[in-house]
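Geometric and topological summary
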Amino acid sequence: MTETTSREISEKIAGLDRLVTSLGLEFDDVAVNAVAGVSDAARKAAEINQRLERLGVDRRILSRALDRARQVEIADREAKAEAERQRHFDAAKDHAKRLLGAAHRVDAAIAEFAAALPELSEHELAIRQRLGRAQISLSVGVVGQMGLTVMAMDKLSRLADGRSRLSGPSKSIAEIAASAWAILLADKDEQGSV
């Protein structure tokens, strides 16, 4: 059996109230006739009065049913809202677990990044010293032959604050280093004479 909604019950009460108003007007007319001595008017007034009393009981029943229906509907809405809150809470928990996984990956990447930065500077200096001892002059202004650590930090900073999205894709640190030191990284066949 399906529950009757509060709206349906309210509509029944409104219909009943209209009927009571109509019967009340009819009762007033019949009562005037009964006092005036019109035959059957008293009997008809008694019938209308009896019907109005039954409708009064029906209205109390409907009012109680309306209260109950509203309580059930409120409880249903609260249960649905609680289920929705729980769904969002569970989704937030899932996101928190994923966030923690991403945070672990970031921590690992930061540790790797921090370990690689001194290596960049160390090898950059060593290359410059060795080439100087080999009496090979470096071209002035070749990007990536000096300051790769600063470039790496700037790239990470631009990524973190969103500026990298504005400027579009750029060369990776490895691409910059490979271009800057291409003469040292080429095969002997490719080098020819230094």
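The preceding data block contains the structure.
The present account deals with the structure reproduced in this document. In this text, all values refer to a predicted model and were calculated from it rather than measured experimentally.

Below, the discussion takes up the pattern of salt bridges. Counted under the stated rule, the structure contains 10 salt bridges. Its salt-bridge partner being Arg43, residue Asp40 comes within 3.8 Å of it at the nearest N-O pair. A salt bridge links Glu47 to Arg43, with the nearest nitrogen and oxygen atoms 2.6 Å apart. Remark: Arg43 and Glu47 occur in helix α2 (residues 41-133); sequence separation between them is 4 residues, near one turn of the helix. Taking relative accessible area as the criterion, Glu47 reaches 42% and is therefore assigned partly exposed. For Arg43, a relative accessible area of 44% corresponds to the partly exposed category. Taken together, the salt bridges that share partners define one network made up of Asp40, Arg43 and Glu47.

The phi dihedral of Asp40 falls on the positive side, at around 65 degrees, and the residue is not glycine. Along the chain, Asp40 turns up in the loop between α1 (6-35) and α2. One non-glycine residue, Gln135, lies in the positive phi region at around 55 degrees. Take Gln135: it is sitting in the loop between α2 and α3 (148-161).

Turning next to the environment of Ala174. Locating Ala174 in the fold gives a position in helix α5 (residues 173-180). On a C-alpha basis, the gap between Ala174 and Val143 in space is 12 Å, while along the polypeptide they are 31 residues apart.

What follows deals with α5. Buried within α5 are the following residues: Ile173, Ile176, Ala177 and Ala180. Within α5, the buried residues cover an arc of 95 degrees as seen down the axis, which keeps them to one side. Lining the buried residues of α5 we find α3 and α6 (182-185).

Turning next to a nonpolar patch on the surface. Together, Ile183, Leu184 and Leu185 give the surface a local cluster of nonpolar side chains, amounting to about 300 Å² of exposed area. By the element assignment, Leu185 lies in helix α6.

Rules used throughout
- Residues numbered from 1 in each chain as written.
- Predicted model: local features only at pLDDT ≥ 70, side-chain atom pairs only at ≥ 80, totals over all residues.
- Heavy atoms only, no water.
- Salt bridge = Lys/Arg side-chain N within 4 Å of Asp/Glu carboxyl O.
- Helix = DSSP H or I, 4+ residues; strand = E, 2+ residues; numbered from the N terminus.
- Buried < 20%, exposed > 50% of the residue type's maximum accessible area, 1.4 Å probe, protein only.
- Arc of directions from axis to C-beta.
- Contact = heavy atoms within 4.5 Å.
- Patch = residues over 30% accessible without salt bridge, like charges linked within 9 Å, V, L, I, M, F, W, Y side chains within 5 Å.
- Areas by Shrake-Rupley, 256 points an atom, 1.4 Å probe, with all protein chains shown as cover.

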